[in-house]
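Each chain, letter by letter, is given below.
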Amino acid sequence: MQSEKENVRDNIPDNEPGHTAELRRYRILELSLLAVEAANVGTWLLDEETKEFLPSKRLKELFGYHADENMSYEGLIAQIDLKYRNKVIAGIENAMVNREHFHMDFRVTGLHDQKQRWVKALGGMYSDSERKQFHFSGVMMDITEEKQNELRKNKFIGMVSHELKTPLTSLKAYVQMLYAWAKKQKDSFAITSLSKVERQVKKMQNMINGFLNLSQAESGKIQLDKQDFDLGELINDVMNETKLITTSHTINFLPCEPIAIHADKEKIEQVVINLFNNAIKYSPKQTVITVSCETIDNKVQVCVKDEGIGIDEQDIDKLFKRYYRVENKHTENITGFGIGLYLCAEIIKRHHGSIWVESELGKGSAFYFSLPLAKNAEAN
Ligand code: ADP
């Protein structure tokens, strides 16, 4: 026997006279549903007023329900892992109240099969054609394999960079010892060569630390080893050292006052080095790079300013995103991974600070970060 759907479809040939708009709309809807089924994604609809929840069969399967079983909105929420549950609820509420788009990845444990799955959910508020009744609807898909591959990749990057870190640290120590010895011997060739080796080793060390932090950030596990220290002294040390080996640019550095903070010294040093290296990388030779720090209210604010290529307004919001690189004629020959600023932002965020940039295309950039002073940091 022919189903009702097939009946309607057979009766609506394209462009046939008398073919009503409503029937055409019905057919488009039907074809869209077939496309959704073919893509193996689950769909849902949540009525704003009545709170009626209509999940598709596939959606129920994603949450470990039987396809013919009832699943309520509360039932769906209950299968979301605790780590993500409140975030998902808040995201859905925000999307409903503020009419914003909803996009989130989270893990669920199936009700009957107890299987763990990663789910990507996309949705938003939609109204019916007369804009009377709003409902929240969207799609969810299984991204478990994708997520597992990403986790494997992160683990691999983390392991490799961890293994590379130890020999590199020892290499650096020997180079520094040799450098001191060459200075004693007044061997100018060895001094120049070793200072170049040291610079390259530092570059590599910075890169490896970046990859290590990336893998930790991806798994939400940036580890902070906090201590009390003087940020002014740290910046002075970094700058005095870099000043000696940077010949391409003029460095304008106003020594910082003592500033006590409670933070992960190595990671904050990395932020300063990243911002400084970017200033060099994205500005022409012989231009000026200015590094300054000041205390404002109960925060310390550090600024690295250059006279380089600058950044277009449309890129500014995206700069701190993972793997984001500006692509234009000024940057086409400059290589990079697009992780430096993402990591700076993650590190600063974990310290309850802020990071931002003021820039104009062709007119240079000023990158800032601020951190709470030691007495305020303790409260965090
Ligand atoms: P990478 O330099 O490896 O690409 P980053 O995350 O450090 O990665 O920077 C992301 C992007 O931000 C860069 O690709 C570049 O386009 C832009 N950028 C960073 N610093 C500056 C700067 N000082 N001036 C102009 N553009 C910059």
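Please refer to the structure placed before this passage.
Conventions adopted
Residues numbered from 1 in each chain as written. Predicted model: local features only at pLDDT ≥ 70, side-chain atom pairs only at ≥ 80, totals over all residues. Heavy atoms only, no water. Helix = DSSP H or I, 4+ residues; strand = E, 2+ residues; numbered from the N terminus. Buried < 20%, exposed > 50% of the residue type's maximum accessible area, 1.4 Å probe, protein only. Contact = heavy atoms within 4.5 Å. Pairing = 2+ DSSP bridges. Axes fitted to C-alpha atoms, helices over the stretch in contact; angles between N-to-C directions. Expected span 1.5 Å × (residues − 1). Parallel < 35°, antiparallel > 145°, perpendicular 65-115°, else oblique. Left-handed = near helix turned anticlockwise from the far one by under 90°. Nonpolar A, V, L, I, M, F, W, Y, C, P; charged D, E, K, R; others polar. Phe/Tyr/Trp six-rings, centres within 6.5 Å; stacked < 30°, edge-to-face > 60°. Lys NZ or Arg CZ within 6 Å of the ring centre and 35° of its normal.

1. So, the environment of Leu373
Thinking step 1. Residue position: Leu373 is located in the loop between strand S12 (365-372) and helix H12 (374-377).
Thinking step 2. Note on Leu373: relative accessible area 10%, which makes it buried.
Thinking step 3. In this structure, Leu373 is in contact with Ile259, Ala260, Ile261, Thr295, Asp297, Asn298, Lys299 and Val300, ignoring residues within four places of it in sequence.

2. Points about the sheet that holds strand S9 (residues 288-296)
Thinking step 1. An order of S7-S9-S10-S12-S11 is seen for the 5 strands of this open sheet, with the pairing classed as mixed. The open sheet has two edge strands, strand S7 (250-253) and strand S11 (354-359), and neither has a second partner. The average undirected angle you get between the axes of adjacent strands in this sheet is 15°.
Thinking step 2. Packed onto the sheet, helix H9 (residues 265-281) meets S7, S9, strand S10 (299-305) and S12 and runs at close to 170° relative to S12.

3. Focus: helix H2 (residues 21-38)
Thinking step 1. An ideal rise of 1.5 Å per residue puts 26 Å on 18 residues; H2 measures up with 26 Å between its terminal C-alpha atoms.
Thinking step 2. Of the residues trailing H2, Asn40 is marked for its positive phi of about 60°.

4. Re the packing of helix H6 (residues 144-185) against helix H7 (residues 188-218)
Thinking step 1. Taken N-terminus to C-terminus, the directions of H6 and H7 make an angle of 160°; their axes are 8 Å apart at the nearest point. When the axes of H6 and H7 are compared, the pair comes out roughly antiparallel. Judged by the twist between their axes, the crossing of H6 over H7 is left-handed.
Thinking step 2. Counted by class, the contact of H6 with H7 contains 17 nonpolar, 10 polar and 7 charged residues.

5. Some thoughts on the packing of aromatic side chains
Thinking step 1. As enumerated under the stated definition, the model contains 7 aromatic pairs in all.
Thinking step 2. The interplanar angle of 75° and the centroid separation of 6.4 Å between the aromatic rings of Phe320 and Phe367 together place this pair among those described as edge-to-face. In this pair, Phe320 is assigned in the loop between helix H10 (313-316) and helix H11 (340-350) and Phe367 in strand S12, connecting sequence segments 47 residues apart.
Thinking step 3. Owing to a relative accessible area of 8%, Phe367 belongs among the buried residues under this scheme.
Thinking step 4. In textbook terms, an aromatic cluster arises when at least three aromatic residues are bridged by ring pairs, as seen for Trp44, Phe102 and Phe136.
Thinking step 5. Here the basic side chain of Lys147 rests over the ring of Trp118, its NZ or CZ set 4.7 Å away from the ring centre.

By themselves, these figures tell us nothing about what the structure is for.
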